Amino acid sequence: MEEQIEQAVAIALSPSSDQTLKSQAMNFCEQVKASPDGWQLCLLLFVRFPKSSPEARLFALQVVDEVLKNGSLDTPQFLQIRSTLMEFVKREYVLEEVNGVEFSSEPQYLKNKFSHTLTLLFVQIYLSLWPNFFDEFLALLQINAINGSKTNVRTIDIFLRILLSIDEEVANLSVPREKEDAQRNTAIKDFMRRNDVQKLATAWYDILKDYCTRNQDVAEMCLKIVGLYISWIDISLIVNESFITLLYQLLGEIRLRIVACECLAEIVCKGMKPLDKFELIQVLNLTNVMRRLDLSDDIDFVEQVAKLTNVLGVELCKIWEEVDSETKPAVYVQIELLLPFLLKFLADEYDDTSCAVFPFVSALQTVLKKQKNCSGVLTGTQREFLDSLLKVVVLKMKYDDETDWGGTDDGSEDAAEFLEMRKNLKSFFEAIYHIDSQLFTTYIRLAVISTLDNYAKLGNALDWRELELALHLLHLYGEAIKGKVQFVEKNNNEITVYTSLGEMMNQMIQYVSTYSHPAITLNFFENISRYSQFFEVQPDCIPPVLEAFVDIRGLHNPNTTIRYRSWYLFHRFVKLLKLKMDKYVNTVLGSIQDLLIIQAVLESSDMSADSNPLTKDKAMESGFSEQIYLFETVGTLITIESIPQDDQMEFAKAIFNPLMEEIQRYIQICTESPEHIDPRSVLQIHHLIMAIGSIVKGFPEAPKGSHPTVLWVGILKQVTEIVLAVLKILNRYEIIRDAARYTFARLVSVLGTEILPYLPLLINELLTECGISELFLNQTPSGTDEALLLIDLRKAYLNFILGLLNNEMDAVFVSELNQPRLESILRSVIHYASDPSDIPSMKIAFSILSKTLTLWGGQYLTIGALYEHILRICFEVPFKPSFNVNDGQSLMVLNEISKILKIMLSQRREDFLEYLRNVWTIWLLQPDLLDDFLRSLQQLELKAFQKFFQQFVKTSKS
């Protein structure tokens with residue numbers, strides 16, 4: 001039978017086997033697994049001699065493992081397995097000796113699998129049938145030793161593998177376990193601590209001493225085991241003079257020093273009371289040990305020592321936080337001993353080594369902040385360290401010589417890792433400012449100004465990395481100081497002197513924009529946009545910056561990364577300085593006219609038969625998503641309040657008329673052959689409508705409920721009509737409907753009540769092709785991208801409705817044309833208000849329901865019991881398991897629901913209260929909470945009731 005099993009395994013695993021035969025073999029193997037005596041056959045197959053194939057023996061162990069796991073064996077069967085496996089251990093790992101070969105010829109994977117099987121047996125019977133498990137193995141270590149050793153290396157090898165497996169199966173806390181398994185494992189560890197761990201520690205010491213030079217594979221495995229077990233055994237078994245002395249000696253063994261270092265880190269990390277841990281760290285005296293280590297040539301070892309430094313530093317900072325004020329100074333002395341190592345490793349040229357001490361840096365900065373807050377000042381030594389730390393952080397922010405900006409394909413991963421490290425360094429950078437702002441500002445000003453002075457002398461001969469770092473520091477400076485930045489100091493409204501930030505900005509504007517490297521160009525414009533307030537006090541600097549923006553350095557830059565990013569930064573710059581831009585409008589418009597040409601691009605791959613080229617994502621590709629910022633900038637510029645209205649009107653005509661003419665031309669093309677419309681034409685029209693919407697976005701909003709009287713209102717009405725004309729012809733295309741919604745949402749804000757006559761037509765056209773239920777409720781996303789697209793669509797839809805209501809255009813919903821659709825619209829809103837998977841949309845939906853109740857007082861909500869539906873979801877939604885009452889956005893939803901309940905109370909007081917009493921228990925709410933809820937609803941003001949309702953939901957759910 002064992003031969004049959006071996007043959008079946010061979011056939012099942014052979015790639016050349018006949019498929020029918022292979023299927024039969026696999027079925028046979030499954031039958032063996034399922035049969036009551038299959039495990040016994042497999043046990044015999046594994047241990048028999050001559051040995052079966054390794055594959056068959058692996059399968060045999062898998063079958064035995066399954067029966068050990070499912071707990072179906074009785075005591076005699078457990079003892080049978082124990083006896084059989086231990087006989088195999090003695091034969092294979094103790095007694096067999098061939099020509100003095102130290103290790104068993106078993107494949108490594110089979111050794112590991114056998115160790116795991118023995119561990120599963122150990123877990124089942126150690127406490128009851130095999131309490132002398134470790135004694136048996138420890139005795140075997142001494143038998144048949146070869147090569148003059150005190151121990152048998154074959155037995156040690158398998159025993160150490162078993163100990164590793166026991167850790168994985170019993171002690172490893174990162175492995176999720178059932179409650180019963182966790183309780184069993186705790187009992188096993190308790191028993192081991194009482195009876196066996198001391199023997200194991202002695203064996204580990206002997207193995208390390210015996211094999212640290214003779215067989216370092218064995219010593220390395222033993223060190224790993226010590227590191228794994230230290231977290232749950234008595235620390236004194238390892239932290240004693242003999243064992244620790246041995247560990248320190250192993251730090252000098254090239255092959256073993258990394259794992260010895262890891263072992264020491266685990267000792268330092270062991271959970272202990274603060275004072276006990278502090279005593280342990282003092283006893284270890286690791287700083288003294290680390291001073292003697294050779295850190296010159298092995299980068300992996302250097303990184304490991306950095307990790308040890310980090311662990312030691314983080315633990316000391318924790319201790320400092322937890323001990324009393326009398327002990328803190330002594331703890332800080334130990335921290336100070338580590339500071340040279342911290343600076344050394346943080347400044348290391350290898351970023352992995354630097355990153356290894358990041359947690360220590362963060363913990364230490366917290367300690368320094370608290371010391372500063374407590375005493376008011378830092379000591380001279382602490383300030384010296386902080387200055388050194390700032391210099392090292394800044395140094396690590398610089399691109400190294402092997403990393404180029406933007407990188408090649410080969411270096412892109414390195415560049416990405418560097419930028420990720422910069423993000424982490426930024427938090428240390430900012431923390432230093434909050435600890436000592438004067439020290440921080442003095443150094444950053446000196447670093448930036450000196451670099452800019454060097455550039456003024458050397459020009460492009462200065463390494464771009466130096467200049468990029470200076471500009472990056474300038475940008476981070478504002479991030480660190482937060483709040484309102486100050487660029488000048490004034491006396492009697494007269495500028496007397498630049499602040500440090502103002503001085504840095506002034507010099508950057510004077511010198512930097514002509515540097516040819518793209519990283520410098522981009523950082524220059526980022527800083528210009530970040531510190532646009534500088535131009536409020538220094539408007540004379542606007543012309544040179546505008547010139548840089550509109551020429552080949554910025555908006556016309558041949559590098560697409562720079563060009564596209566500068567389009568957004570320019571939009572932000574103009575928007576923030578709108579009131580100072582009036583005198584430059586003609587110049588700017590003339591300079592960017594060529595960038596306002598719209599040319600929809602469809603890649604050939606998008607035109608394949610199985611690809612839809614007219615999706616929202618594809619429509620915004622090829623730079624168009626960035627180009628629309630230019631159109632919004634144009635809208636901002638041509639409607640600056642100080643520009644005469646006649647000029648505004650001329651600007652508007654010059655901008656809008658070409659766009660409308662082009663739309664009409666494409667409409668003509670589409671109507672000539674409606675059955676064969678070129679996708680490029682549809683995409684071009686989409687771009688044109690989006691451009692119009694973006695221009696309108698830059699226009700000033702009309703006061704709510706007003707009729708704007710500015711001259712350009714007329715041309716915006718023409719724009720509205722042509723968008724409706726497009727929608728009438730091409731509303732079957734989703735991207736056209738999307739562009740129309742985008743543009744109308746902006747026209748609503750700008751035209752005020754002038755838009756009202758057009759809204760019924762818009763809603764009708766949008767819903768004619770795609771009804772609410774089809775578009776929003778019944779669509780299941782097929783993947784992440786589609787799900788995100790659906791969320792964006794949902795938000796756009798809800799924001800459009802809310803925008804109409806907020807701008808006092810609710811009449812459009814109850815017009816003769818749209819009132820029949822009102823129920824489906826409101827039902828869609830109720831649907832979104834009920835969906836906790838999208839909390840932002842839920843919040844908008846509840847805001848809409850609140851607004852409709854306020855505006856209509858329930859007049860139109862009696863249709864289809866909508867009023868009752870709204871009330872129901874006010875209690876249903878917060879009590880859904882997926883609704884997280886501790887999330888900030890969820891609390892905003894609860895506030896909207898509170899508002900709705902107060903509105904309903906004010907409109908239908910007694911009827912509303914009676915209805916709540918009737919449905920309270922039907923909605924499965926606790927009866928004893930009803931009176932308190934109704935009393936609070938009636939007596940508390942809105943803000944107080946919102947707080948009550950939040951607590952009511954939390955308490956009820958708990």
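It should be noted that the structure appears before, not after, this text.
Note that this is a predicted model, so its numbers are computed, not measured.

Here strand β1 (residues 488-491) runs beside strand β2 (residues 494-498); their pairing, made up of four bridges, is antiparallel. Note on β2: the bridge partner recorded for Val488 is Tyr498. Between the end of β1 and the start of β2, which pair antiparallel, lie two residues, with Asn492 showing a positive phi angle near 55°.

Take a negative patch on the surface next. A surface patch of negative charge is lined by Glu349, Asp352, Asp400, Asp401, Glu402, Glu413, Asp414 and Glu417. Note that Glu417 resides in helix α21 (residues 412-435). Using a relative accessible area of 46% as the deciding quantity, one classes Glu417 as partly exposed.

The next point concerns the packing of aromatic side chains. Counted according to the given criterion, the structure contains 47 aromatic pairs. Residues Tyr229 and Trp232 carry aromatic rings whose centres are separated by 5.3 Å and whose planes lie at 35° to one another, so their mutual orientation is tilted. Summarising the burial analysis for this pair, Tyr229 and Trp232 share the class buried. Grouped by ring-pair contacts, the aromatic residues Phe487, Tyr498, Phe524, Phe525, Tyr531, Phe534, Phe535, Phe549, Phe570 and Phe573 constitute a single cluster. Cation over ring: Arg57 sits above Phe46, and NZ or CZ is 4.4 Å from the ring centre. The positively charged end of Lys328 is found above the aromatic ring belonging to Trp320, 4.0 Å away from the centroid.

Glancing now at the side chain of Gln946. Structurally, the position occupied by Gln946 is in helix α45 (residues 942-957). Ignoring sequence-local partners within four residues, the contact set of Gln946 consists of Asn895 and Ser898.

Between its first and last C-alpha, helix α8 (residues 153-171) extends 25 Å over 19 residues, near the 27 Å set by a 1.5 Å rise per residue. By the criterion of burial, α8 is predominantly enclosed, with 16 of the 19 residues buried. Two to three positions downstream of the cap, the backbone nitrogen of Arg154 sits 2.9 Å from a side-chain oxygen, assigning the N-cap of α8 to Asn152.

Cut-offs used in this document
Residues numbered from 1 in each chain as written. Predicted model: local features only at pLDDT ≥ 70, side-chain atom pairs only at ≥ 80, totals over all residues. Heavy atoms only, no water. Pairing = 2+ DSSP bridges. Helix = DSSP H or I, 4+ residues; strand = E, 2+ residues; numbered from the N terminus. Patch = residues over 30% accessible without salt bridge, like charges linked within 9 Å, V, L, I, M, F, W, Y side chains within 5 Å. Areas by Shrake-Rupley, 256 points an atom, 1.4 Å probe, with all protein chains shown as cover. Salt bridge = Lys/Arg side-chain N within 4 Å of Asp/Glu carboxyl O. Lys, Arg positive; Asp, Glu negative; His and termini not counted. Charge placed at Lys NZ, Arg CZ, Asp CG, Glu CD. Buried < 20%, exposed > 50% of the residue type's maximum accessible area, 1.4 Å probe, protein only. Phe/Tyr/Trp six-rings, centres within 6.5 Å; stacked < 30°, edge-to-face > 60°. Lys NZ or Arg CZ within 6 Å of the ring centre and 35° of its normal. Contact = heavy atoms within 4.5 Å. Expected span 1.5 Å × (residues − 1). Polar contact = N/O pair within 3.5 Å; in protein donor to acceptor, adjacent residues only side chain to side chain.

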